[in-house]
Amino acid sequence: MTLIAIQAEALKDVIVEALAGKVKNTSVALDEVTIEVAAADYRSAMQTLRDAAGCRFEQLVDLCGVDYSTYGDGRWEGARYAVVSHLLSVSLNQRVRVRVFCPDDDAPLVDSVSDIWNSANWYEREAFDLYGIVFEGHNDLRRILTDYGFIGHPFRKDFPISGHVEMRYDAERRRVVYEPVTIEPREITPRIIREDKYGGLH
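Fair warning: this is a prediction, and the values are worked out from it, not measured in the lab.

Here the focus is helix α1 (residues 8-19). Across its 12 residues, α1 extends 16 Å between first and last C-alpha, which sits within 8% of the 16 Å expected from 1.5 Å per residue. Within α1 the residues assigned to the buried category are Ala8, Leu11, Lys12, Ile15 and Leu19. The arc enclosing the buried residues of α1, seen along the axis, measures out at 105 degrees, which places them on a common side. Where α1 is buried, its residues touch β1 (23-29), β2 (32-37), α2 (42-51) and β5 (94-101). Looking one or two residues beyond α1, the residue adopting positive phi is Ala20, at roughly 45 degrees.

Attention now moves to the packing of aromatic side chains. In the structure shown here, the tally under the stated rule is 7 aromatic pairs. Ring geometry for Tyr68 and Tyr71: centres 5.4 Å apart, planes at 80 degrees, overall edge-to-face. Looking at Tyr68, the relative accessible area reads 9%, which means it is buried. Between Tyr71 and Trp76 the ring centres are 5.5 Å apart and the planes differ by 85 degrees, which places this aromatic pair in the edge-to-face class.

Thresholds, definitions, all that
- Residues numbered from 1 in each chain as written.
- Predicted model: local features only at pLDDT ≥ 70, side-chain atom pairs only at ≥ 80, totals over all residues.
- Heavy atoms only, no water.
- Helix = DSSP H or I, 4+ residues; strand = E, 2+ residues; numbered from the N terminus.
- Expected span 1.5 Å × (residues − 1).
- Buried < 20%, exposed > 50% of the residue type's maximum accessible area, 1.4 Å probe, protein only.
- Arc of directions from axis to C-beta.
- Contact = heavy atoms within 4.5 Å.
- Phe/Tyr/Trp six-rings, centres within 6.5 Å; stacked < 30°, edge-to-face > 60°.

Quick look at the structure:
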């Protein structure tokens, strides 16, 4: 039996009612509901979204960090870092996107939801590794994609494209070594060579 999904506007109303004043902002675009909650309410709101009768979002499908510092060509005003989660209710055939901003740009921190959904574990580690967002209460928050000695967070907009260090295998030392980046910025101007009668021209 196929379960018909609730309409997006109706789902938005159900979620706003279930969260009882914890929703800071809502939007519906392309039949998808997005809600924003404050960092102080994030964990309890996520628990409600999983457990409330009209919500029942049993699965956390995705969680990622976002750096808004250059959003809108740098016209963004507000907190720099956010965590965005996508939740799925298999039993009710509905989805919601949840966004929470980290209140402190210098030390971005939100509560972990890895004890609510096990799938959040590696997603939170990824957001920590790539954006430096700390998930309070996560029981194993460590890097997951970058190397052990990596410095910085490569998805932050102010991280240099070439990075800070490069690594290579040194045959004499018989180990991997880290050195300052030796890439020099350069401008590449294409050299155009046209054959005689190119494009039918004489």
